[in-house]
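# Commentary on secondary and tertiary structure
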Amino acid sequence: MLAGLLRPLVDQDLAMVFYDMTTIRAKGLSQQDDDTRKFGMSKEGMVARQIMLGMVQTVDGLPRYHEVFDGDTDELTTIKPTIEKIVKRFPAKRVIAVADRGLLSTDNLTDLQTFSLPGGRTLEFIWQFQGGAIVTSWTSLAPFQATQCIDAKQEVLGEAVWNNLSRP
(Lines give C-alpha, C1' and ligand atoms only; values in the text may rest on other atoms or scores of the structure.)
Protein backbone atom coordinates (compact mmCIF):
# COMPACT_ATOMS: atom_id res chain seq x y z
CA MET A 1 0.00 0.00 0.00
CA LEU A 2 2.79 2.43 0.90
CA ALA A 3 4.53 1.75 -2.42
CA GLY A 4 1.31 2.61 -4.23
CA LEU A 5 1.10 5.96 -2.45
CA LEU A 6 4.74 6.84 -3.11
CA ARG A 7 4.90 5.72 -6.74
CA PRO A 8 3.27 8.89 -8.22
CA LEU A 9 5.79 11.03 -6.34
CA VAL A 10 8.78 8.98 -7.43
CA ASP A 11 7.77 8.69 -11.08
CA GLN A 12 7.55 12.44 -11.65
CA ASP A 13 9.90 14.10 -14.11
CA LEU A 14 12.95 15.56 -12.46
CA ALA A 15 12.82 19.32 -12.23
CA MET A 16 15.18 20.24 -9.43
CA VAL A 17 17.49 17.82 -7.67
CA PHE A 18 19.81 18.29 -4.74
CA TYR A 19 23.14 16.48 -4.67
CA ASP A 20 25.41 16.10 -1.70
CA MET A 21 28.23 13.92 -0.49
CA THR A 22 28.95 12.80 3.02
CA THR A 23 31.46 10.59 4.75
CA ILE A 24 30.57 7.60 6.88
CA ARG A 25 33.26 6.33 9.22
CA ALA A 26 34.07 2.65 9.21
CA LYS A 27 35.34 0.75 12.23
CA GLY A 28 37.33 -2.46 12.24
CA LEU A 29 40.76 -3.53 11.11
CA SER A 30 39.86 -6.25 8.60
CA GLN A 31 40.65 -5.68 4.95
CA GLN A 32 38.67 -7.12 2.06
CA ASP A 33 39.34 -7.33 -1.66
CA ASP A 34 37.85 -4.29 -3.41
CA ASP A 35 37.16 -2.70 -0.01
CA THR A 36 35.47 0.72 -0.28
CA ARG A 37 36.63 1.59 3.25
CA LYS A 38 39.64 3.82 2.62
CA PHE A 39 41.47 6.48 4.55
CA GLY A 40 40.34 9.94 3.47
CA MET A 41 39.61 13.41 4.77
CA SER A 42 36.45 13.31 6.89
CA LYS A 43 33.92 16.12 7.21
CA GLU A 44 35.41 16.83 10.64
CA GLY A 45 38.74 17.67 8.97
CA MET A 46 40.73 14.63 10.00
CA VAL A 47 41.91 11.52 8.21
CA ALA A 48 39.64 8.56 8.95
CA ARG A 49 38.78 5.17 7.51
CA GLN A 50 35.46 5.78 5.77
CA ILE A 51 33.22 5.40 2.77
CA MET A 52 31.70 8.27 0.81
CA LEU A 53 27.98 8.44 0.06
CA GLY A 54 26.54 10.55 -2.73
CA MET A 55 22.80 11.25 -2.55
CA VAL A 56 20.43 12.83 -5.06
CA GLN A 57 17.04 13.88 -3.75
CA THR A 58 14.01 15.77 -4.99
CA VAL A 59 12.80 19.14 -3.70
CA ASP A 60 10.39 17.19 -1.51
CA GLY A 61 13.30 15.32 0.09
CA LEU A 62 12.64 12.01 -1.63
CA PRO A 63 15.86 10.13 -2.40
CA ARG A 64 16.12 9.41 -6.13
CA TYR A 65 19.60 7.97 -6.42
CA HIS A 66 22.57 7.16 -4.24
CA GLU A 67 26.01 5.80 -4.82
CA VAL A 68 28.70 4.53 -2.47
CA PHE A 69 32.24 5.67 -3.30
CA ASP A 70 35.63 4.69 -1.93
CA GLY A 71 36.49 6.62 1.20
CA ASP A 72 39.35 8.45 -0.50
CA THR A 73 37.24 9.71 -3.43
CA ASP A 74 37.55 13.40 -4.29
CA GLU A 75 33.93 14.58 -4.25
CA LEU A 76 34.69 17.11 -7.02
CA THR A 77 34.95 14.19 -9.46
CA THR A 78 31.49 12.79 -8.69
CA ILE A 79 28.96 15.39 -9.83
CA LYS A 80 29.15 15.03 -13.62
CA PRO A 81 29.01 11.19 -13.68
CA THR A 82 26.19 11.25 -11.12
CA ILE A 83 24.10 13.68 -13.17
CA GLU A 84 24.76 11.59 -16.30
CA LYS A 85 23.47 8.50 -14.48
CA ILE A 86 20.29 10.08 -13.14
CA VAL A 87 19.44 11.67 -16.50
CA LYS A 88 19.76 8.26 -18.20
CA ARG A 89 17.79 6.50 -15.47
CA PHE A 90 14.91 8.95 -14.89
CA PRO A 91 12.76 10.99 -17.27
CA ALA A 92 14.08 14.53 -17.35
CA LYS A 93 12.87 17.43 -19.45
CA ARG A 94 14.51 20.03 -17.24
CA VAL A 95 17.09 19.52 -14.51
CA ILE A 96 18.28 22.16 -12.08
CA ALA A 97 21.13 20.69 -10.05
CA VAL A 98 21.70 22.23 -6.63
CA ALA A 99 25.02 21.56 -4.90
CA ASP A 100 27.13 22.95 -2.09
CA ARG A 101 30.61 24.41 -2.06
CA GLY A 102 32.26 20.98 -1.69
CA LEU A 103 31.47 20.35 -5.36
CA LEU A 104 32.45 23.80 -6.61
CA SER A 105 35.35 23.97 -9.06
CA THR A 106 35.99 25.73 -12.34
CA ASP A 107 36.24 22.32 -14.05
CA ASN A 108 32.80 21.32 -12.74
CA LEU A 109 31.29 24.65 -13.80
CA THR A 110 32.76 24.23 -17.29
CA ASP A 111 31.52 20.62 -17.54
CA LEU A 112 28.02 21.53 -16.41
CA GLN A 113 27.79 24.41 -18.88
CA THR A 114 28.35 21.99 -21.76
CA PHE A 115 26.10 19.23 -20.38
CA SER A 116 23.12 18.52 -22.62
CA LEU A 117 19.90 16.81 -21.55
CA PRO A 118 17.91 14.51 -23.83
CA GLY A 119 15.94 16.79 -26.12
CA GLY A 120 18.74 19.35 -26.29
CA ARG A 121 18.03 21.44 -23.17
CA THR A 122 20.98 22.56 -21.14
CA LEU A 123 21.45 21.68 -17.51
CA GLU A 124 20.74 24.48 -15.07
CA PHE A 125 22.50 24.67 -11.74
CA ILE A 126 22.64 26.56 -8.48
CA TRP A 127 25.77 26.50 -6.37
CA GLN A 128 26.16 27.60 -2.77
CA PHE A 129 29.46 28.87 -1.43
CA GLN A 130 30.89 31.23 1.12
CA GLY A 131 32.01 34.39 -0.64
CA GLY A 132 34.82 35.26 1.74
CA ALA A 133 36.44 31.87 1.34
CA ILE A 134 36.56 32.01 -2.45
CA VAL A 135 36.97 35.69 -3.31
CA THR A 136 40.73 35.44 -3.07
CA SER A 137 40.69 32.87 -5.87
CA TRP A 138 37.94 34.36 -7.99
CA THR A 139 38.65 38.04 -8.40
CA SER A 140 35.40 38.60 -10.33
CA LEU A 141 33.56 38.17 -7.01
CA ALA A 142 35.60 40.90 -5.30
CA PRO A 143 33.27 43.79 -6.34
CA PHE A 144 30.27 41.88 -4.98
CA GLN A 145 32.06 41.27 -1.71
CA ALA A 146 33.24 44.90 -1.46
CA THR A 147 29.82 46.42 -2.15
CA GLN A 148 27.49 43.98 -0.42
CA CYS A 149 29.42 41.90 2.09
CA ILE A 150 32.17 43.96 3.68
CA ASP A 151 29.98 45.74 6.28
CA ALA A 152 27.32 43.05 6.56
CA LYS A 153 25.95 42.40 10.03
CA GLN A 154 23.95 39.35 8.92
CA GLU A 155 23.91 36.82 6.11
CA VAL A 156 23.98 38.35 2.63
CA LEU A 157 22.41 36.65 -0.37
CA GLY A 158 23.29 37.88 -3.81
CA GLU A 159 24.46 37.10 -7.28
CA ALA A 160 27.59 37.87 -9.23
CA VAL A 161 28.29 37.16 -12.88
CA TRP A 162 31.25 34.86 -13.43
CA ASN A 163 32.38 33.62 -16.83
CA ASN A 164 29.14 34.91 -18.37
CA LEU A 165 27.13 32.81 -15.91
CA SER A 166 24.18 34.37 -14.14
CA ARG A 167 20.47 33.98 -13.78
CA PRO A 168 18.84 33.11 -17.15
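Use the structure listed above.
Description of the structure in this document.

Rules behind the numbers
- Residues numbered from 1 in each chain as written.
- Predicted model: local features only at pLDDT ≥ 70, side-chain atom pairs only at ≥ 80, totals over all residues.
- Heavy atoms only, no water.
- Buried < 20%, exposed > 50% of the residue type's maximum accessible area, 1.4 Å probe, protein only.
- Helix = DSSP H or I, 4+ residues; strand = E, 2+ residues; numbered from the N terminus.
- Arc of directions from axis to C-beta.
- Patch = residues over 30% accessible without salt bridge, like charges linked within 9 Å, V, L, I, M, F, W, Y side chains within 5 Å.
- Areas by Shrake-Rupley, 256 points an atom, 1.4 Å probe, with all protein chains shown as cover.
- Salt bridge = Lys/Arg side-chain N within 4 Å of Asp/Glu carboxyl O.
- Contact = heavy atoms within 4.5 Å.
- Pairing = 2+ DSSP bridges.

### Considerations on helix α2 (residues 79-89)
Within the span of α2, buried status applies to I79, T82, I83, I86 and V87. All buried residues of α2 project into a common sector of 130° when viewed along the axis, lining one side. Seen from the open side of α2, the exposed residues pointing more than 90 degrees away from its buried face are K88 and R89.

### Some remarks on a nonpolar patch on the surface
A grouping of F39, M41 and V47 is seen on the molecular surface, where their side chains present a nonpolar patch of about 350 Å² in accessible area. Its location among the elements puts F39 in strand β2 (residues 38-41). Its relative accessible area of 56% is what places F39 among the exposed residues.

### Details of helix α3 (residues 106-113)
Listed as buried for α3 are N108, L109 and L112. The buried residues of α3 occupy an angular sector of 100° when the element is viewed end-on, so they sit on one face. Of the surrounding secondary structure, the elements contacted by the buried residues of α3 are α2 and β6 (124-127).

### Observations regarding the pattern of salt bridges
In total, this model carries five salt bridges according to the counting rule given. One salt bridge connects R25 with E44, and the closest N-O pair in it is separated by 3.0 Å. Of the two residues, R25 sits in strand β1 (residues 14-25) while E44 sits in the loop between β2 and β3 (47-58), which places them 19 residues apart along the sequence. Owing to a relative accessible area of 43%, R25 belongs among the partly exposed residues under this scheme. Residue E44 is classed as exposed on the basis of its relative accessible area of 55%. Its salt-bridge partner being R37, residue D35 comes within 2.7 Å of it at the nearest N-O pair. We note that D35, like R37, is buried. Overlapping salt bridges, with partners in common, bring together D35, R37 and R49 in one network.

### A closer look at the pairing of β3
As paired elements, β2 and β3 share four bridges and run antiparallel to each other. Looking at β3, one finds that G40 is bridged to A48. Adjacent in sequence and paired antiparallel, β2 and β3 are bridged by five residues, among which G45 carries a positive phi angle near 85°. Judged from the seven bridges that link them, β3 and strand β4 (residues 63-70) form a sheet pairing that is antiparallel. What sits directly across from G54, in β4, is E67. Between β3 and β4, which pair antiparallel one after the other, the connecting turn spans four residues, and G61 there sits at a positive phi close to 85°.

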